[in-house]
Amino acid sequence: MTHAMLKGSNVPLEATAVRAVLRWTPGQGVPDVDASALLLGADGRVRSDEDFVFYNQPRHPSDKVWRLGKKRVTGGLSEGSTDTIQTDLAGLDPAVSRVLLVASADDTAFKHVRALRILLYDAGAGEAEPLAYFDITPQTGDETALICGELYRRGDVWKFRALGEGYLNGLE
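Small disclaimer: the values here were computed from a predicted structure and weren't measured.

Chemist: Help me out: how do you make sense of the sheet that holds strand β4 (residues 34-40) in this one?
Modeler: In space, the 6 strands of this open sheet follow the order β2-β12-β11-β8-β4-β5, with antiparallel pairing throughout. Looking at which strands have only one partner, the edges of the open sheet turn out to be β2 (10-13) and β5 (52-53). Here strand β8 (residues 98-104) pairs with strand β11 (residues 145-154) via 7 bridges, running antiparallel. Residue pairing in the sheet places Arg-98 in a bridge with Tyr-152 of β11.

Chemist: Explanation requested: the sheet that holds strand β3 (residues 17-25) in the structure shown.
Modeler: Neighbouring strands of a sheet are bound in pairs by backbone hydrogen bonds; such pairs are parallel or else antiparallel. With mixed pairing, the 6 strands of this open sheet are ordered in space as β1-β10-β9-β3-β7-β6. Every interior strand has two partners, whereas the edge strands, β1 (3-5) and β6 (65-73), have only one. Going across the sheet, the axis of each strand differs from the next one's by a mean of 20 degrees, ignoring polarity. As judged from the 7 bridges shared by β3 and strand β9 (residues 114-122), these two strands associate in the antiparallel manner. Of the residues in β9, the one forming a bridge with Arg-19 is Tyr-121.

Chemist: Even after reading the chapter, I still don't get the nonpolar core, so can you show me in this structure?
Modeler: One finds Leu-22, Ile-118, Leu-151 and Phe-160 to be the most contacted residues of the largest nonpolar core, which totals 37 residues. Counting only elements with at least two residues in this core, the list comes to β2, β3, β4, β8, β9, β10 (132-135), β11 and β12 (157-167). Here the element with the most residues in this core is β3; it accounts for 4 residues. Beyond its immediate stretch of four places on either side in the chain, Leu-22 contacts Val-33, Asp-34, Ala-35, Ser-81, Thr-82, Asp-83, Ala-103, Leu-116, Arg-117, Ile-118, Ile-136 and Cys-148. Among the nonpolar cores identified, the runner-up in size contains 5 residues, and Leu-100, Val-102, Ile-147 and Leu-163 belong to it.

Procedures and definitions
Residues numbered from 1 in each chain as written. Predicted model: local features only at pLDDT ≥ 70, side-chain atom pairs only at ≥ 80, totals over all residues. Heavy atoms only, no water. Pairing = 2+ DSSP bridges. Helix = DSSP H or I, 4+ residues; strand = E, 2+ residues; numbered from the N terminus. Axes fitted to C-alpha atoms, helices over the stretch in contact; angles between N-to-C directions. Core = buried A, V, L, I, M, F, W, Y, C linked by side-chain atoms within 4.5 Å. Buried < 20%, exposed > 50% of the residue type's maximum accessible area, 1.4 Å probe, protein only. Contact = heavy atoms within 4.5 Å.

That's the geometry; what it means functionally is another story.
Structure representation (structure tokens):
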């Protein structure tokens with residue numbers, strides 16, 4: 001069953017690896033969106049530059065978080081343009097307590113991005129239905145980066161929380 005999520009809601013994950021697919025509707029004047037991941041320690045900070053997975057650094061040195069890249073797809077919940085991050089939750093270093101799933105748009109405001117959605121899939125289930133999805137609406141529209149959601153560890157259980165928090169100064 002697919003969970004339609006609201007901002008701030010969370011869902012436990014039974015999957016040991018997940019694919020986070022950022023999807024939007026392309027069109028004239030719509031910027032290209034990039035998906036990134038930030039691996040955070042218990043203190044809420046990245047431990048080094050290596051904990052930032054993005055287009056110029058598509059794979060974390062641990063090989064447990066990587067960017068699958070962009071696609072143009074049609075049909076179903078995935079219609080539009082996508083950029084995907086995959087995470088092996090079972091293999092992540094115990095020092096990583098959260099993985100932020102972030103969208104950025106090359107210093108362009110998200111008010112120009114249509115139908116922004118994050119879909120979370122069980123990476124081991126092939127083309128199954130998504131585990132959850134969250135339609136992201138920027139607070140002001142002037143944000144140039146958004147934390148779409150987070151994968152976080154609560155004891156031995158991984159969960160996904162829908163966030164939708166934006167920043168005016170990009171990924172800085």
